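Chain residues, written in single-letter form:
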Amino acid sequence: MSRQPIKILAIGRNAEIMEVMQRLINVPDKRSGVAVTTDEEAEAAWQKETFDLVMLCAGIDEEAEKNLRNKIAQINPMTKVIRHYGGGSGLLENEIEAALAVPGA
Amino acid sequence: MATYIEHKANTRGHADHGWLNSYQSFSFAGYYNPERINFGALRVLNDDVVAGGKGFGLHPHDNMEIISIPLKGALEHKDNMGNTRVISQGEVQVMSTGTGVFHSEYNHNADQEAQFLQIWVFPKQLNIAPRYDQIILDRTRMQNTLLPFISPESADGGTYIQQDAWFSSGIFDNGKTTSYDVHSTGNGVYAFVISGSFTVDGHLLDARDALAIENPATVNIVATSDKAELLIIEVPMKPSSN
């Protein structure tokens, strides 16, 4: 049975890195997603579609992280929220796999 | 009481991309082992061989402390902080990537391989200003003793990273002994054999084997071959800053 492509929302403040993230989180037949740099863009994105995973990237401070986690939990408690480290690096695949393997990560 | 997990060299992840032959102590890229994600704040230890003239093109990183230790040959580093440097065997490069860095690392030589350890440590604090540093290891001070070269306070003539972590290395003659006292109670020690062989707290380790030690106080080390080189990485066991 084939698995539905994973939907990912990546939120970070470094525009150049988020451009790279936009490319890396879109892998045909495997996953699709959108990378944004503001909380407003993030909100607009999750109004339009449901995400399996939200990745918080560089520049998201503690306060913003808390707010985003609260909002996402209200919209869809099933959406997993993780920190992404490394800026679209070799950790990305691992982080996605680990997050989706662990219930409630 | 200390607990031990042996990471034998032949249990590491492996990826051969032609231009890059990489052995991975922890899950990385296409290698995913839920039992080998990290050791505390130590997240990546890749043992990379880069073909002559080849390398890693411009790519970003953020919120990670990246330490590169060339073992053979040289790498040419360029980044968007304005650094263009060559790093050779006997030197150590550190990058605090914080809010974001773009960099490239190419084999500086077209006609010979470059071999280096690429080590990533979770930072103590997120979103700090990026920083680059490069130091020369005084290998004469590494003979039969562990020379600290990375510490939180930039002590001992080395450099620092944004984590309560210590890196030390030494080159030993057969039969020589030493010990390593942890700096902070609760920290873990990752002992990685670069070359030769050692017993570390009684565990026999050959080249590229490692021993992950939780809750050590003092680690006892015996070289069991000549020109045996050991890398000791002490890290907090809380993996990351959140």
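Bear in mind that the values here come from a model prediction, so they are computed numbers and not experimental data. (Residues numbered from 1 in each chain as written. Chains lettered and ligands numbered in written order. Predicted model: local features only at pLDDT ≥ 70, side-chain atom pairs only at ≥ 80, totals over all residues. Heavy atoms only, no water.)

> Whenever I open this one, the overall build of chain B confuses me. Can you help?
Scanning chain B from N- to C-terminus turns up 0 helices and 21 strands. Its C-alpha atoms give chain B a radius of gyration of 17 Å, near enough to 18 Å, the size a compact globule of 242 residues would have. Projected onto its principal axes, the C-alpha coordinates of chain B cover approximately 45 × 40 × 35 Å. Pairs at least 24 apart in sequence give 72% of the contacts found in chain B among residues at least 6 apart. Total accessible area computed for chain B in this model is approximately 9,500 Å², and 47% of it derives from carbon and sulfur atoms. (Helix = DSSP H or I, 4+ residues; strand = E, 2+ residues; numbered from the N terminus. Rg over C-alpha atoms; globule rule 2.2 N^0.38 Å. Contact = heavy atoms within 4.5 Å. Areas by Shrake-Rupley, 256 points an atom, 1.4 Å probe, with all protein chains shown as cover.)

> Which parts of the structure should I look at to understand the nonpolar core?
Side chains of nonpolar character tend, in soluble globular proteins, to be buried together. Residue and element names in this part refer to chain B. Core analysis: the biggest nonpolar cluster contains 43 residues, and Ile-67, Ile-119, Phe-167, Tyr-190 and Leu-231 have the highest contact counts within it. Formed jointly, this core draws a minimum of three residues from each of two domains, domain 1 (12-136) and domain 2 (139-236). Within the second largest apolar cluster, 20 residues are counted, among which are Val-193, Val-200, Ile-213 and Leu-230. (Core = buried A, V, L, I, M, F, W, Y, C linked by side-chain atoms within 4.5 Å. Buried < 20%, exposed > 50% of the residue type's maximum accessible area, 1.4 Å probe, protein only. Domains from an automatic or database assignment.)

> Which parts of the structure should I look at to understand the interface of chain A and chain B?
Size of an interface: often given as the accessible area lost when the parts come together. Taken together, the contact pairs 21 residues of chain A with 25 residues of chain B. Carbon and sulfur atoms make up 57% of the surface buried where chain A meets chain B, a total of about 1,700 Å² over both sides. For the chain A face of the interface with chain B, the top three residues by lost area are Tyr85(A), Leu91(A) and Asn94(A), together amounting to 35%. In this structure, the connection of chain A to chain B is made through 0 salt bridges. Of the residues forming the side of chain A that touches chain B, the biggest block, 4 residues, is contributed by helix H4 (residues 92-101) of chain A. Its residues placed into classes, the side of chain A that touches chain B shows 7 nonpolar, 8 polar and 6 charged. (Buried area = accessible area lost by both parts, 1.4 Å probe. Salt bridge = Lys/Arg side-chain N within 4 Å of Asp/Glu carboxyl O. Nonpolar A, V, L, I, M, F, W, Y, C, P; charged D, E, K, R; others polar.)

> Would you take a moment to explain unusual backbone geometry for this structure?
Negative phi is the rule for most residues except glycine; trans is the rule for most peptide bonds. Residue and element names in this part refer to chain B. For Asn-127, which is not glycine, the phi dihedral falls at a positive 60°. Position of Asn-127 among the secondary structure elements: in the loop between strand E11 (114-121) and strand E12 (131-136). A positive phi angle is found at Asn-144, which is not glycine, with a value near 60°. Within the secondary structure, Asn-144 is located in the loop between E12 and strand E13 (147-150).

> Looking at this structure, I do not really get the sheet that holds strand E17 (residues 198-200) of chain B. What am I missing?
Pairing between the strands of a sheet is mediated by backbone hydrogen bonds and can be parallel or antiparallel. Residues and elements named next belong to chain B. Strands sit in the order E15-E20-E17-E18 across an open sheet of 4 strands; the sheet is antiparallel. Strands with a single pairing partner mark the edges of an open sheet, and in this sheet they are strand E15 (177-181) and strand E18 (203-205). Going from strand to strand, the sheet's axes swing by 25° on average, the running direction of each strand aside. Bridge count for E17 against strand E20 (residues 218-223) is 3 bridges, and the pairing is antiparallel. In the sheet register, Thr-199 faces E20, and the bridge partner there is Val-222. (Pairing = 2+ DSSP bridges. Axes fitted to C-alpha atoms, helices over the stretch in contact; angles between N-to-C directions.)

> Explain the sheet that holds strand E10 (residues 101-107) of chain B here, please?
All names here are of chain B. With antiparallel pairing, the 4 strands of this open sheet are ordered in space as E5-E10-E7-E8. Each edge of the sheet is formed by a strand with only one pairing partner; in this case those strands are strand E5 (55-61) and strand E8 (84-88). Between one strand axis and the next, the sheet turns by 20° as a mean value, whatever way the strands run. Here strand E7 (residues 74-79) runs beside E10; their pairing, made up of 5 bridges, is antiparallel.

> Is there a simple way to think about helix H1 (residues 15-24) of chain A in this case?
Since one α-helical turn is 3.6 residues long, residues separated by three or four positions face the same way. Buried residues of H1(A): Ile17(A), Met18(A), Val20(A) and Met21(A), and no others. Down the axis of H1(A), the smallest arc covering the buried residues is 155°, so these residues share one side. Exposed residues on H1(A) whose side chains face more than 90 degrees from its buried face are Glu16(A), Glu19(A) and Arg23(A). On the buried face of H1(A), the contacting elements are strand E1 (6-11), strand E2 (31-36), strand E3 (53-56) and H4 of chain A together with E5 and E10 of chain B. Put simply, Asn14(A) is the residue that caps the front of H1(A), since its side-chain oxygen is 3.2 Å from the backbone nitrogen of Glu16(A). (Arc of directions from axis to C-beta. Polar contact = N/O pair within 3.5 Å; in protein donor to acceptor, adjacent residues only side chain to side chain.)

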